[in-house]
Amino acid sequence: VRFFFDYQEELQRHEVVSSAMFSGISVLGGVYLVLQPLCPVLSESLFATPSYGSFFHIIIASLCFDTLAELGISYIRAKQQSMTATGFTLARLFMSLALNIYFIVALQLGVLGILYSSLVSSGTMAVVLTINTLREVGWGFSRAKLGAMIRYGLPLIPVSLGMFVLNFSDCIF
């Protein structure tokens, strides 16, 4: 969003957004492929059994979809369309709630139902927002703009990871 407002021309702004989308898809795809084989190891190290590895497969995919959907929501916010952003966020919430009820109550899947709900709602929002965003901004790519965004954002990654650990580490306890 910071780089979106560095430019006044719509074409330049679209290059920022599409470059971010393409790099996001590439990085998230790479993260997914790297972490998938580690799922049994994560299960073993956290729960002393590899049998929850499938849970980690779903969690990693959901997190990748959530991150991709957030890129689309960020673009909508950058365009200052708060009602549209709120609409997508509420749609995801209601979809997630409905799927939670279906998977947990109707199908009696328990925790797996919650994970499936998250995967389906995150995946749906990621696909819809990515298609809508790329349809609007086009398929442009700027290596220079992406490089500037990476240089700006790289120091923020440890802070984001720290906040993630701080916010979610209590779940383990």
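Source: prediction; values computed, not measured.

Participant: What exactly am I supposed to notice about the overall build of the protein here?
Facilitator: In terms of regular secondary structure, the protein is built from seven helices and zero strands. Sequence-ordered secondary structure for the protein, helices as α and strands as β, is α-α-α-α-α-α-α. Judged by the C-alpha coordinates and their principal axes, the protein covers about 55 × 35 × 25 Å. For the protein, buried positions account for 32% of its 173 residues. Nonlocal contacts in the protein, meaning residues at least 24 apart in sequence, comprise 70% of its contacts between residues at least 6 apart. When the accessible surface of the protein is summed, it comes to about 10,700 Å², and 71% of that surface belongs to carbon and sulfur atoms.

Participant: Please explain the nonpolar core as it appears in this structure.
Facilitator: Most often, soluble globular proteins keep nonpolar side chains buried together rather than apart. Counting residues in hydrophobic clusters, the biggest one holds 21 residues, and the most contacted among them are Val-17, Phe-88 and Leu-129. For this core, the secondary structure elements donating two or more residues are helix H1 (10-35), helix H3 (53-78), helix H4 (82-106) and helix H5 (111-137). With nine residues, the top contributor of residues to this core is H3. Once you skip the residues sitting within four places of it in the chain, Leu-129 turns out to touch Ala-69, Gly-72, Ile-73, Ile-76 and Phe-88.

Participant: Looking at this structure, how should I read the environment of Ala-144?
Facilitator: The topology assignment puts Ala-144 in helix H6 (residues 143-153). Each C-alpha atom of the pair Ala-144 and Val-16 lies 9.7 Å from the other, and the pair is 128 residues apart in sequence.

Participant: Looking at this structure, how should I read the packing of aromatic side chains?
Facilitator: Where two aromatic rings form a pair, the distance of their centres and the angle of their planes describe that pair. Taken as a whole and assessed by the stated rule, the structure comprises nine aromatic pairs. Taking 5.2 Å as the distance between ring centres and 85° as the angle between the ring planes, the aromatic pair formed by Phe-4 and Phe-5 counts as edge-to-face. Classification of Phe-4 as buried rests on a relative accessible area of 6%. Relative to Tyr-75, the ring of Phe-4 lies with its centre 6.1 Å away and its plane at 75°, an arrangement referred to as edge-to-face. With Phe-4 in the segment before H1 and Tyr-75 in helix H3, this pair connects stretches of sequence that are 71 residues apart. There is no split in this pair, since Phe-4 and Tyr-75 are both buried. Grouped by ring-pair contacts, the aromatic residues Phe-47, Tyr-52, Phe-55 and Phe-56 constitute a single cluster. If you follow Lys-145 out to its NZ or CZ, it ends over the ring of Tyr-7, 4.9 Å from the centre.

The rules we used
- Residues numbered from 1 in each chain as written.
- Predicted model: local features only at pLDDT ≥ 70, side-chain atom pairs only at ≥ 80, totals over all residues.
- Heavy atoms only, no water.
- Helix = DSSP H or I, 4+ residues; strand = E, 2+ residues; numbered from the N terminus.
- Buried < 20%, exposed > 50% of the residue type's maximum accessible area, 1.4 Å probe, protein only.
- Contact = heavy atoms within 4.5 Å.
- Areas by Shrake-Rupley, 256 points an atom, 1.4 Å probe, with all protein chains shown as cover.
- Core = buried A, V, L, I, M, F, W, Y, C linked by side-chain atoms within 4.5 Å.
- Phe/Tyr/Trp six-rings, centres within 6.5 Å; stacked < 30°, edge-to-face > 60°.
- Lys NZ or Arg CZ within 6 Å of the ring centre and 35° of its normal.

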